Amino acid sequence: PYKQNGEVVGFRLRRVKKGSPIEMLGAQKGDVIHSVNGVDLTSVDTALAAYQSMRSENRLVFSVTRKGKPMDLTINIR
């Protein structure tokens, strides 16, 4: 988990494995993922809920912060 002002606001990627789905998404080491398809990642429980919802989606939108700048990473699933 990644905290700001004592509260969890997402999860920081400590590493991104070559060829992994997260790398194909465009994520980089150090990115903080704040939400997936609008589900805030503020706890392990919400992260698990986001993971469960991803299984039935055709499009995933990850809201991240990279080097202090907010951005969205989007992937379409076939």
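As shown above, the structure is provided for reference.
The following refers to the structure shown. Counting from 1, residues in each chain are numbered in the order their sequence is written. At least 70 in pLDDT is required for a residue's local features to be given in this predicted model, at least 80 for side-chain atom pairs to be given and counted, and no such filter applies to totals for whole chains, interfaces and linings, which use all residues. The basis for every side-chain value is the complete set of non-hydrogen atoms in the structure, without hydrogens or water.

**Here we look at the overall build of the chain**
The criterion, for reference: Helix numbers and strand numbers start at the N terminus; a helix is a DSSP run of H or I with at least 4 residues, a strand a run of E with at least 2. In this treatment the radius of gyration is a C-alpha quantity, and the globule benchmark scales as 2.2 Å times the residue count to the 0.38 power. Type-normalised accessible area, obtained with a 1.4 Å probe on protein chains alone, sets the label of each residue: buried when under 20%, exposed when over 50%, and partly exposed for intermediate values. Residues count as neighbours in contact if any of their non-hydrogen atoms are within 4.5 Å of one another. Accessible areas in this description were obtained via Shrake-Rupley with a 1.4 Å probe; residue shielding takes into account the shown protein chains only.
A count of helices and strands for the chain gives 2 helices and 6 strands. Helices (α) and strands (β) of the chain occur, in sequence order from the N terminus, as β-β-α-β-β-α-β-β. Computed over the C-alpha atoms, the radius of gyration of the chain is 12 Å, within 12% of the 12 Å expected from 2.2 N^0.38 for a compact globule of 78 residues. C-alpha extents for the chain along the principal axes are approximately 40 × 25 × 20 Å. Taking all 78 residues of the chain together, 23% fall into the buried category. For the chain, long-range pairs separated by at least 24 residues make up 37% of all intrachain contacts whose partners lie at least 6 apart in sequence. Element-wise, carbon and sulfur atoms account for 51% of the exposed surface of the chain, whose accessible area totals about 5,700 Å².

**Quick notes on the nonpolar core**
Note the cut-off: Among buried residues, those of type Ala, Val, Leu, Ile, Met, Phe, Trp, Tyr and Cys that are joined through side-chain atoms within 4.5 Å constitute a nonpolar core.
Within the largest apolar cluster, 12 residues are counted, these being Leu 13, Leu 25, Ala 27, Ile 33, Val 36, Leu 41, Ala 50, Met 54, Leu 60, Phe 62, Val 64 and Leu 73. It is strand β5 (residues 59-66) that provides the largest number of residues to this core, a total of 3 residues. With sequence-adjacent residues up to four places away left out, Ile 33 is seen in contact with Val 9, Gly 10, Phe 11, Leu 13, Ile 22, Leu 41, Phe 62, Ser 63 and Val 64.

**With respect to unusual backbone geometry**
Phi is positive for Asn 37, close to 50 degrees, though the residue is something other than glycine. For Lys 67, which is not a glycine, the phi torsion comes out positive at approximately 50 degrees. In this structure, Lys 67 sits in the loop between β5 and β6 (69-76). What makes Lys 67 exposed here is its relative accessible area of 78%.

**Observations regarding the pattern of salt bridges**
Quick note on the threshold: Whenever Lys or Arg places a side-chain nitrogen within 4 Å of a carboxyl oxygen from Asp or Glu, that contact is recorded as a salt bridge.
This model, assessed by the stated rule, comprises 2 salt bridges. One salt bridge in this structure joins Lys 18 and Glu 23, with 4.0 Å as the shortest N-O distance. A residue is classified by how much of its surface remains accessible, and Glu 23, at 29% relative accessible area, is partly exposed. Its salt-bridge partner being Arg 66, residue Asp 31 comes within 2.8 Å of it at the nearest N-O pair. Highlighted residues: Asp 31 in the loop between α1 (21-25) and β3 (32-36) and Arg 66 in strand β5, separated in sequence by 35 residues. Comparing Asp 31 with Arg 66, the two get one shared label, buried.

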